[in-house]
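# Inside the fold
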Amino acid sequence: MPVHRPGSVRLSLAGLLIGAVALVLATPASAADTPTRGSAYMGIGVLAHDGQNGLPRDTRAAQTEGVDVSSHQGNVAWSTLWSSGVKWAYVKATEGTYYTNPYFAQQYNGSYNVGMIRGSYHFATPDTTGGATQADYFVDHGGGWSQDGKTLPGALDIEWNPYGASCYGKTQSAMVTWIRDFLNRYKARTGRDAVIYTATSWWTECTGNYGGFATANPLWIARYASTVGTLPAGWTYYTMWQYTSSGPTVGDHNKFNGALDRVQALANG
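Residues numbered from 1 in each chain as written. Predicted model: local features only at pLDDT ≥ 70, side-chain atom pairs only at ≥ 80, totals over all residues. Heavy atoms only, no water.

Turning our attention to the state of the cysteines. Enumeration over the complete set of coordinates arrives at one disulfide. Through a disulfide, Cys167 is tied to Cys206; the S-S separation comes to 1.9 Å. Across the S-S bond linking Cys167 and Cys206, the dihedral sits near -75 degrees, which makes this disulfide left-handed. Of this pair, Cys167 sits in the loop between β6 (155–157) and α7 (172–190) while Cys206 sits in helix α8 (residues 200–207), placing them 39 residues apart in sequence. Across the pair, Cys206 and Cys167 agree in class, each one buried. (Disulfide = S-S within 2.5 Å. Helix = DSSP H or I, 4+ residues; strand = E, 2+ residues; numbered from the N terminus. Buried < 20%, exposed > 50% of the residue type's maximum accessible area, 1.4 Å probe, protein only.)

Let's shift gears to the nonpolar core. Ranked by internal contacts, the top residues of the largest apolar core, which has 66 residues, are Trp88, Tyr90, Ile158, Ile179 and Trp220. What Ile158 contacts, discounting residues up to four positions off in sequence, is Ala124, Pro126, Met175, Ile179, Ile196, Tyr197, Thr198, Trp202 and Trp203. (Core = buried A, V, L, I, M, F, W, Y, C linked by side-chain atoms within 4.5 Å. Contact = heavy atoms within 4.5 Å.)

Here we come to the pairing of strand β7 (residues 195–198). Two faces belong to every sheet, and in a regular strand the side chains alternate between them. Residues Val195 and Tyr197 of β7 are buried on one face, and the alternating residues Ile196 and Thr198, pointing to the opposite face, are buried as well. As paired elements, β6 and β7 share three bridges and run parallel to each other. Across the sheet, the residue bridging to Leu156 is Ile196, located in β7. Crossover β6 to β7 through α7 is right-handed. Following the chain from β7 across α8 to the adjacent parallel strand β8 (residues 219–222), one finds a crossover that is right-handed. (Pairing = 2+ DSSP bridges. Right-handed = clockwise from strand over helix to strand, strands pointing away.)

Let us now look at helix α9 (residues 260–268). For an α-helix the count is 3.6 residues per turn, leaving residues at separations of three or four pointing the same way. Looking at α9, one finds that the buried residues are Val263, Leu266 and Ala267. Buried residues of α9, seen end-on, are gathered within an arc of 100 degrees and therefore sit on one face of the element. In this fold, the buried residues of α9 make contact with β2 (64–69), β3 (88–95), β5 (117–123), β10 (240–244) and β11 (253–256). Just downstream of α9, Gly269 is the residue with a positive phi angle, here 80 degrees. (Arc of directions from axis to C-beta.)

The next thing to look at is the packing of aromatic side chains. Applying the stated criterion to the full structure yields 15 aromatic pairs. Consider the rings of Trp203 and Trp235, whose centres lie 5.7 Å apart with planes at 70 degrees: the pair is edge-to-face. Of the two residues, Trp203 is situated in helix α8 and Trp235 in the loop between β9 (224–225) and β10; the sequence distance between them amounts to 32 residues. The burial state of Trp203 is the same as that of Trp235; both residues are buried. Counting every residue linked through ring pairs, the aromatic cluster contains Trp88, Tyr90, Tyr197, Trp220 and Phe256. (Phe/Tyr/Trp six-rings, centres within 6.5 Å; stacked < 30°, edge-to-face > 60°.)

What follows is about the pairing of β8. Covered by surrounding structure in β8 are Leu219 and Ile221 together with Trp220 and Ala222, the residues of both alternating faces. Two elements, β7 and β8, share three bridges in a ladder whose sense is parallel. Within β8, the residue paired with Thr198 across the bridge is Ile221. Looking at chain direction, β8 and β10 are connected through three bridges and run parallel. Pairing of Ala222 across the sheet is with Gln242, part of β10.

Among the residues making up α8, those that are buried are Thr200, Trp202, Trp203, Cys206 and Thr207. In an axial view of α8, the angular spread of the buried residues amounts to 160 degrees, which keeps them on one side of the axis. In this fold, the buried residues of α8 make contact with α7, β7 and β8. Gly208 occupies a position one or two residues after α8 and carries a positive phi of about 75 degrees.

Below, the structure is given as structure tokens:
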């Protein structure tokens, strides 16, 4: 019978450890860090690409606090948010043509039931299907609009691609065409011009800082800083501003650029 010396066991364990470390190091970081399809949310790329540089002052002109939520928040404590001063909300309804938010009913109806004015948003994936196709999917799965005074127009969340190249493999002109197709179909289906959620740096990189949507589509700007900074071309003011992803109760907090009656005006069309 062979004799196993203690030293040989130690060498074997050391070899296993070295092999495991080598395997981890050999795994591409991009593959390990790529999220699962459907898991994107509004502002997913802001911190990584634009960072965070303070919070807005409370001395600004009249603004109305809001939040945006997705499946990451699960069942939301809407009464807590309402009591803290949050008066409007946007809920992720869809992504691409392959995902619907499983918490949509609790979030969309729950915000309405406590008195908030609420709307829904679509996370765009321009590399999977066309803009018009995704607009149809959005409207058919929670992105519609009704003139009940409590429903905001749908929002197109167009930002960094969490699953690959920032601009989804599209040229700037092709991206503008995709966005236009989405917006045109959404308006044809609902009668409303959709809100555009984006960040100036992404918009500049991926659309060439196109200014042609500013006359019709309200701007929801993403910037985690003390001011909104430079806006995308064409827009002289923002309608909504996502200013942090680390707020109380729900991380993503926003300011509507006006008092509550202006939020109601947008809902009424």
